[in-house]
Each structure stands twice: as C-alpha cells, then as structure tokens.
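Next come the chains, spelled out residue by residue.
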Amino acid sequence: MFGEMKYYYQFIEGAILGSVVGDALGVPGEFMSREELMEAPITDMIGGGAHEQLPGTWSDDTSMTLCTIDSIIEKGIDYDDQMYRFADWLWNSSNTARDEVFDVGGATKHAIFRYMKKTPALECGELAENTCGNGSLMRIMPTALYLVGQYGNWALDDRTADIIHNTSKCTHAHVRCQMACGIFCSVVFQMTCGGDLHNAAMGGIISGLKYYRNRPEFATVYPEFESLAKVDKWSESEVESTGFVLHTLQAALWCLLTTSDYTECVLKAVNLGRDTDTTAAVAGALAGLWYGERQIPRDWAEKTAKYDEIKQLAKTFYFACLKNSKTGRTASEYIP
Ligand SMILES: [Mg+2]
C-alpha cells in the first residue's frame, strides 16, 4: 500500500510524463475517425496530421497542465494565478512545445478573454450545456497529485472536491465538467493507494460516484456518470472519443482498464480517433502514474519536445506538493 507515500514521487513523474507523451502521440491523429485509424493505426511518435507538427509536439493539454504545475509550485492553489498563466500561454506562447499555440478549445479561449477583461477567475468559465468539452479535465491531474501530497486523501471529501470544482470552473463551470474532474481525481486518489490496478481504478470510480450521489447540485448530471461503474466491461463500440468531457473520461478509463502496460494503453486511446490527443493525455496520465516513467518507451521520450525539462519540473513539483503538507509529511523523507 501507498500508505507511507513511498512511491509518491514516482506517481508524480509518471503521471506528468505519461500525459505529455500521450498528448504528443495523439496530436497527428486529432480529428481522424476510428475507421481511418483502423486502416492505418498510429503506432509510433510521428509528425504531420491536421496541425502539421513535428514528431513529439504536444498541445494545449500539456501547456495548460504545465501552467497549472508552475502555478502550484509558485502559489499553491491560486485560481487567478492559474488564469494569468493560461493567458500568458495563449498570448505569448509560454509553456508550448515549439513556441507556437496551434490548438485551443473554444470554452477555454472565451474564459481567458473574460479573465483579460478583469472577470474574477472563478467566474470566467462557460456554463452552457454545449460547452461541456474536456478542457478542464485535461489539466486537472496536477491538482489531484497536489491534493494527495497536501491532504493524503484516498477519497473525495468536501475540502478536496471544492478545490477540484473551482479549478474546473475557471474555464469549464458546468457541473458535468466539475463532476468529470472530481471522478478523475477520485481515481487518482485510489490509484495512489496502490494494490491491484483494476481494484484501484474501479474503486476510485465507485467511491467518486458515492460522493456525488446525494448532492443536489449534481443531480441533473449524476445519472450520466453511473454507467462508469461498468466501464471495464464495455466493448469498443460503446466507447466514444469526442471532445465531450464525459466521452474523454469514459474513454481514458476504458483504455486504462482494458490494457496491461503504458504503451498499449496510450496507443489504444489514440487509435479510438477524434479527440486523440486529449484522450491519450488523460489516459496517459493514469497509465503513467500506475506503470511509472520507466515504462515510457525511450525513443518516444527522446522525440518528445522538452522531455528532460519536464522531467526536471516534476521534481520541483514534487517538493511543492509536500510543502506545508497537512499530513505532516515532508519531501526529504521521500526523496527517491
Ligand atoms: Mg490538444
């Protein structure tokens, strides 16, 4: 068990780099259909695609994740600072793979515009039904890891859920997006307890559903998430992989639960088609967390933009996650 936080650093490093590599693998396949990818599957770190990028180029998913990491390192949880960094990314190409922003979601862009016009961070997010994209889910992983270090949580509680929901709200305020982030974090929490992958991931889903079951503010969307309790039994035809937040969560969990190593998981995610980079970034975070950075193929790592830099950042982030930890744990006790 992870009760002693023994593997906390490995979880952080694996989740961050697993997500970055998943994103980069998926970039060339974005918008391709499952049928097209079935004919010619992506099996390696290639370039090209709709965005015409070099091999190893990651996208907005990673950029926003890195902005969140930077913000947590500097400020802990500070929503205004996170939005400031998102704006800096969008306008100045900070935290990009190759000094260029080539992809941004509609809801995210509008939220950043609102922030630039002085709207408080927590009021910037879109609320409309048709804005339930995966733009907050794709950047929630660092927050989940930070909460593990700060509070040692193995399940959602009101304190951690509030932080997760607020983090989503900055760009995606609909309760569906908030709950998707919550369920994802619940899975991360359980996975950091170790044990068996299937039990840990399914346990995280079940415990997350239990948290939301009797909360009236989530009553309208709760039924949409209930089927996740059986996502490990779904056939591929039941899994959708669009940019809709629920689809991304379902697809990422399905890929994690129906594969047995990092490579198999992220390639399965990419080859589902449509929003390939985000599905693989979210699935890759979970697979990387579980299997560790060492399972990421070396030639993929070598081709991935700024890989070593991000690996170094994971170390700094690890120390930040344990700084002033309410668990009484310190980073020096767990230096790998
Ligand atoms: Mg992307």
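Data block above holds the structure.
What counts, and at which threshold
- Residues numbered from 1 in each chain as written.
- Predicted model: local features only at pLDDT ≥ 70, side-chain atom pairs only at ≥ 80, totals over all residues.
- Heavy atoms only, no water.
- Phe/Tyr/Trp six-rings, centres within 6.5 Å; stacked < 30°, edge-to-face > 60°.
- Helix = DSSP H or I, 4+ residues; strand = E, 2+ residues; numbered from the N terminus.
- Buried < 20%, exposed > 50% of the residue type's maximum accessible area, 1.4 Å probe, protein only.
- Contact = heavy atoms within 4.5 Å.
- Donors = N, O, S within 2.8 Å, 3.2 Å for Na, K, Ca; no water.
- Salt bridge = Lys/Arg side-chain N within 4 Å of Asp/Glu carboxyl O.

## Focus on the packing of aromatic side chains
Line of reasoning, step 1. Here the structure, examined in full by the defined rule, presents six aromatic pairs.
Line of reasoning, step 2. Ring centres 5.9 Å apart and planes at 55° place the aromatic pair tyrosine 8 and tyrosine 318 in the tilted group. Linking tyrosine 8 in helix H1 (residues 8-26) with tyrosine 318 in helix H15 (residues 307-322), this pair joins segments that are 310 residues apart in sequence. Each member of the pair, tyrosine 8 together with tyrosine 318, is buried.
Line of reasoning, step 3. Judged by centre distance (5.1 Å) and plane angle (80°), the ring pair of tyrosine 9 and tyrosine 318 falls under edge-to-face.

## Notes on the side chain of asparagine 166
Line of reasoning, step 1. Within the secondary structure, asparagine 166 sits in helix H7 (residues 158-169).
Line of reasoning, step 2. In this view, asparagine 166 contacts Tyr79 and Leu122; residues no more than four positions away in its chain are not counted.

## What to know about the coordination of the magnesium ion
Line of reasoning, step 1. Bound to the magnesium ion are the protein donor atoms Ser59 (OG), Asp60 (OD), Asp61 (OD) and Asp277 (OD), situated 2.0 to 2.4 Å from the metal.
Line of reasoning, step 2. Along the chain, the residues donating to the magnesium ion fall in the pattern S-D-D-x215-D. Taken together, the positions of aspartate 60 in helix H3 (residues 60-75) and aspartate 277 in helix H13 (residues 276-291) put the pair 217 residues apart, joining distant regions of the chain. Each of the two residues, aspartate 60 as well as aspartate 277, counts as buried.

## With respect to the pattern of salt bridges
Line of reasoning, step 1. The full count for this structure, using the stated rule, is eight salt bridges.
Line of reasoning, step 2. Notably, a salt bridge pairs aspartate 81 with arginine 85, separated by 2.7 Å at the nearest N-O pair. Of this pair, aspartate 81 and arginine 85 are both found in helix H4 (residues 79-92), four residues apart, which corresponds to roughly one turn of the helix. For the pair aspartate 81 and arginine 85, a shared accessibility class is recorded, and that class is buried.
Line of reasoning, step 3. Between glutamate 293 and lysine 311 there is a salt bridge, and its shortest N-O distance comes to 3.4 Å. Here the residue glutamate 293 occupies a position in the loop between H13 and helix H14 (298-303), and lysine 311 occupies one in helix H15, the gap between them amounting to 18 residues.
Line of reasoning, step 4. Residue classification places lysine 311 among the partly exposed positions, given a relative accessible area of 26%.
Line of reasoning, step 5. Taken together, the shared-partner salt bridges in this structure form one network comprising Glu129, Arg176 and Glu224.

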